[in-house]
Amino acid sequence: MSLLRAEGLSRRFGGLLAVDGASLEVPEGGLIGLIGPNGAGKTTLFALLSGFLAPSAGRVEFAGADVTAEPPHRRALRGMARTFQIVQPFAGLTVRENIAVGAYLRHSARREAIRSAEAVAEEVGLGPMLDGQAAALTVAGRKRLELARALATEPRLLLLDEVLAGLNPSEVRDIIPVIRAIRERGVAILMIEHVMQAVMNLCDHVHVLAGGRMIAAGPPQAVTADPRVIEAYLGHGAAARIAAGSAHA
Amino acid sequence: MNPREVLPGLVLLAVIAVLPLVASNVVLNFLLSSLIVALAAQGWNLLGGYAGQLSFGHAAFFGTGAYATAVLQIRYGVNAWVGLAVGIALGAAVGWVIGALSFRARLRGSYFALVTLAFAEVLRILANAADFTGGASGLLIRLSPGVENLQFASRAAFLWLLASAVAAVLLLTAWIAHHRFGAHLVAVRENEDAARALGVDVLRTKLRAIALSGGVTAAAGCLYAQNFLYLDANIAYGTWISIEVLIACVLGGTGTVLGPVVGALALHGVGELAKLALGRVAGPVPGVDLVVFGALLILAVAFLPRGMMAGLQRLTRGLAR
Ligand SMILES: Nc1ncnc2c1ncn2[C@@H]1O[C@H](COP(=O)(O)OP(=O)(O)O)[C@@H](O)[C@H]1O
Ligand SMILES: [Mg+2]
């Protein structure tokens, strides 16, 4: 049974249909990628899944329950956690306090919440930074903090919005095993990612969004070779030109 | 709870509590009015300092507490202690209503601050016009000293009561700051979207904060009424108290356990000293304390942007090095 099921989700901003009838499923424990060119509607789709935006049409099911009308904090309680593409740290707090806010969702006692926050910090490599101010973290540190806070809510599903963006190749190499380890603990992950190396490396299955619509889905190798996907990224006729180019060579 | 955080405050209050044995009436009056403002400011701090919802209208709660105690005693013969409890509950209820109306409408920042100001002003105008509040001539609570009437023949006894109330809220604040509710308050202050994503019910958190804040500030209003035994709309719902609690918190340090108490004492202390000093030189100068309040606020914002508590911490850390 799938953990998350989105059916025919649409979201209109004035005259713009940012998400247009998008459907997708995330199986229990799966690691699914969501790719697509800039402005495709990926972040908007995440906002619909996590409850930050109400859809103009369509529905969201999580663990068998219809959550379409539920606010984000309820969905978090059900086990859905998201990160933000534009990081949203609690800037005035320490790293430990930031993560503890997430941990308090499942641990009402301070001692347990702090202990759990510290364990999560170790897991994502923020252990040495626990006492530092969140505002003082580097870009890579802030991305890890987004991940840590979401993880501290002990989710069944993680929605990761470009957690690798802005990291250098060695930082990307460092964090890929972290994501894999989270998945191996049984947490399902849906990740928006531009870093193809990571998508190829991690994902079982990839959905491609372009112009608000799902244009392709399948295993990463197949999807990246799909002419519709190449055209979505590189423009109309690109797939044919590439095919012609390789035929000449 | 971190004892290092509350201990200095409790010691301070203990010192204040023994002062009546040695100090003059002038000092006692100064301490009484400072502690009333401190208590009201502790209420402001829970909403403005911890939850980050700045209010310009805490007079709405202060006045509700003061009027509740006075009206219940005078018109209905209700016992003053019951009046205090009802006053606190009504303050919390007014807070909840203001919160429900403005937070549900997603008012934030200066919009929220202005709405609280508007509520306080409306209450002031209503209290000034209505009959059961005594209208413009105000209310006089009958003098009848006795613990059962929440009136004390000695100022010292009233000071002890006030100091205990301030100490109780100090402990409550420290407890909250170290528990889930406090973490939620601060998360809402720092970033509402992030808080929501982590499972925080932002609306409920804000409503709880404003109800608690209203209750604490209303308690200060009740005790004000019992201490002075007189109030009118411009005292109870006047902007003076909204402004003093705000400056006390900013001066002492918003979102810190001790900030409001330290700030209120400093604010009133400097105000009184200025009155005394100028009075020697130039005779009584009406309104000089307001000028001092303004100057202190400017100085605090310029030199102690995180308040005296943060400043003191830096100082002690510097000395320790
Ligand atoms: N709050 C909003 N109001 C209006 N337009 C928006 C809003 N959020 C996103 N959009 C538009 O919706 C489209 C999809 O944006 P987004 O979901 O951020 O794309 P992606 O994450 O795939 O880059 C873009 O054209 C963007 O300008
Ligand atoms: Mg995006």
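Structure shown above.
Predicted model, so just to flag it, every value in this text is computed and none were measured.

Enquirer: Hey, could you run me through the overall build of chain A in this one?
Expert: Regarding its fold elements, chain A presents 10 helices and 10 strands. In terms of overall dimensions, chain A is globule-like: its C-alpha atoms have a radius of gyration of 19 Å, near the 18 Å expected for 249 residues. Principal axes of the C-alpha set define a box for chain A whose edges measure 65 × 40 × 35 Å. Across the 249 residues in chain A, those meeting the buried criterion constitute 53%. Of all intrachain contacts in chain A linking residues separated by at least 6 positions in sequence, the fraction that spans at least 24 positions is 64%. In the form shown here, chain A has an accessible surface area of approximately 10,300 Å², with 54% of it arising from carbon and sulfur atoms.

Enquirer: Quick question: what am I supposed to make of the layout of surface pockets here?
Expert: Which parts of space are left empty comes out when a probe the size of a water molecule is rolled across the atoms. A volume near 1,700 Å³ is recorded for the largest pocket. As for the largest pocket, its lining consists of 43 residues, and the residues nearest its centre are Glu97(A), Glu5(B), Gly255(B), Thr256(B) and Gln313(B). Taken together, the elements giving at least two residues each to the lining of the largest pocket come down to helix H3 (95–103) and helix H4 (110–124) of chain A together with helix H1 (3–18), helix H7 (180–190), helix H12 (259–282) and helix H14 (307–320) of chain B. With 7 residues, the top contributor of residues to the lining of the largest pocket is H14(B). When the residues that make up the lining of the largest pocket are grouped by side-chain class, the tally is 20 nonpolar, 12 polar and 11 charged.

Enquirer: Looking at this model, I keep getting lost on the packing of aromatic side chains. Mind explaining?
Expert: Ring pairs (aromatic) are described by centroid distance and by the angle formed between their planes. Applying the stated criterion across every chain yields a total of 8 aromatic pairs over all chains. Each ring, one from Phe62(B) and one from Tyr224(B), has its centre 5.6 Å from the other, and the planes form 65°; the classification is edge-to-face. Taken together, the residues Phe62(B) in helix H3 (residues 59–76) and Tyr224(B) in helix H9 (residues 202–228) connect sequence positions 162 residues apart. For the pair Phe103(B) and Phe112(B), a centre-to-centre distance of 4.8 Å together with 25° between the ring planes defines the contact as stacked. Each member of the pair, Phe103(B) as well as Phe112(B), is classed as buried. Ring-pair connections join several aromatic residues into one group, and the members of that group are Phe62(B), Tyr224(B), Phe228(B) and Trp240(B). Looking at Arg82(A), its charged tip hangs above the ring of Phe52(A), at a distance of 4.9 Å from the centre. Sitting over the face of the ring of Phe90(A), Arg149(A) holds its NZ or CZ atom 4.7 Å from the ring centroid.

What counts as what
- Starting afresh in each chain, residues are numbered from 1 along the sequence in its written order.
- All chains are assigned letters beginning with A, and all ligands numbers beginning with 1, in the order in which they are written.
- Note on the predicted model: pLDDT of at least 70 is required for a residue's local features to be given, and 80 or more for side-chain atom pairs to be given and counted; whole-chain, interface and lining totals, by contrast, use all residues.
- As a convention, hydrogens and water are excluded, and side-chain values are obtained from all of the structure's heavy atoms.
- Secondary structure counts use DSSP, requiring at least four H or I residues in a row for a helix and at least two E residues in a row for a strand, with both numbered from the N terminus.
- Restricting the calculation to C-alpha atoms gives the radius of gyration, and the globule rule supplies 2.2 Å times the number of residues raised to the power 0.38.
- Remark: exposure states derive from per-residue accessible area (1.4 Å probe, protein chains only) relative to the maximum for the residue type, with buried under 20%, exposed over 50%, and partly exposed in between.
- Contact criterion: two residues are considered in contact whenever any of their non-hydrogen atoms come within 4.5 Å of each other.
- Using a 1.4 Å probe, the Shrake-Rupley method yields the accessible areas, and only the shown protein chains count as cover for residues.
- Residues are called lining when one of their atoms sits within 4 Å of a cavity or pocket point, these points coming from a 1 Å grid over the protein atoms alone, where a cavity is a set in which a 1.4 Å probe fits but cannot get out and a pocket is an open set with protein on both sides within 12 Å along at least five of seven lines.
- Grid points are joined across faces, edges and corners, and a volume is the space filled by probe spheres set on the points.
- Gly is put with the polar residues, along with every residue not named as nonpolar or charged; the nonpolar set is Ala, Val, Leu, Ile, Met, Phe, Trp, Tyr, Cys and Pro, and the charged set is Asp, Glu, Lys and Arg.
- Centres within 6.5 Å make a pair out of two Phe, Tyr or Trp rings, where for Trp the six-membered ring is used; the pair is then stacked when the planes are under 30 degrees apart, edge-to-face when over 60, and tilted otherwise.
- Two conditions define a charge sitting above a ring: the NZ of Lys or the CZ of Arg must be within 6 Å of the ring centre, and it must be within 35 degrees of the ring normal.

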